[in-house]
Amino acid sequence: DPLRDAVIREEVPPLHLTRYLLCEVDISRPTRGTNDAGAAIASGLKERERVYNTLLYVPWQLERLLAMGLLVCFDSCLGLFTFLPWRLVF
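Cut-off values and rules
- Residues numbered from 1 in each chain as written.
- Predicted model: local features only at pLDDT ≥ 70, side-chain atom pairs only at ≥ 80, totals over all residues.
- Heavy atoms only, no water.
- Helix = DSSP H or I, 4+ residues; strand = E, 2+ residues; numbered from the N terminus.
- Buried < 20%, exposed > 50% of the residue type's maximum accessible area, 1.4 Å probe, protein only.
- Salt bridge = Lys/Arg side-chain N within 4 Å of Asp/Glu carboxyl O.
- Patch = residues over 30% accessible without salt bridge, like charges linked within 9 Å, V, L, I, M, F, W, Y side chains within 5 Å.
- Areas by Shrake-Rupley, 256 points an atom, 1.4 Å probe, with all protein chains shown as cover.
- Disulfide = S-S within 2.5 Å.

Comments concerning the overall build of the chain
Check the secondary structure of the chain and you find 3 helices and 0 strands. Along the chain direction, N to C, the helices and strands of the chain fall in the order α-α-α. Looking at the chain as a whole, 3% of its 90 residues qualify as buried.

Here's what the structure looks like:
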């Protein structure tokens, strides 16, 4: 295995757990398969923006849905307590 031979010859330093975790968390370093640090940063920023948009968009849509449900319930109650007595009277 060429990678194992390179590690044995100390061309590639062994990857410790802490270094591996720092590389996975740090968005300023290039991701696997890219040599351009700028592309990695842009990719990390796009991912961060996507997550932020999801965190802001989903609660907003949920609030809109709950508000619509509240209006439907309010309309049903108004209809029940206003039109139903008039139907019974006339």
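Here's the deal with the pattern of salt bridges
If you walk through the whole model with that rule in mind, you get 1 salt bridge. The partner of Glu47 in a salt bridge is Arg50, and the shortest N-O contact between them spans 2.6 Å. Residue Glu47 and its partner Arg50 are located together in helix α3 (residues 37–89), separated by 3 residues, close to a single helical turn. Relative accessible area serves as the criterion here: at 39%, Glu47 is assigned to the partly exposed category.

Concerning a nonpolar patch on the surface
A grouping of Leu80, Phe81, Leu84 and Leu88 is seen on the molecular surface, where their side chains present a nonpolar patch of about 460 Å² in accessible area. Looking at the secondary structure, you find Leu80 in helix α3. Classification of Leu80 as partly exposed rests on a relative accessible area of 44%.

Section: the state of the cysteines
Throughout the structure, instances matching the rule amount to 0 disulfides. Not part of a disulfide, Cys73 finds its nearest cysteine sulfur in Cys77, a span of 6.7 Å.

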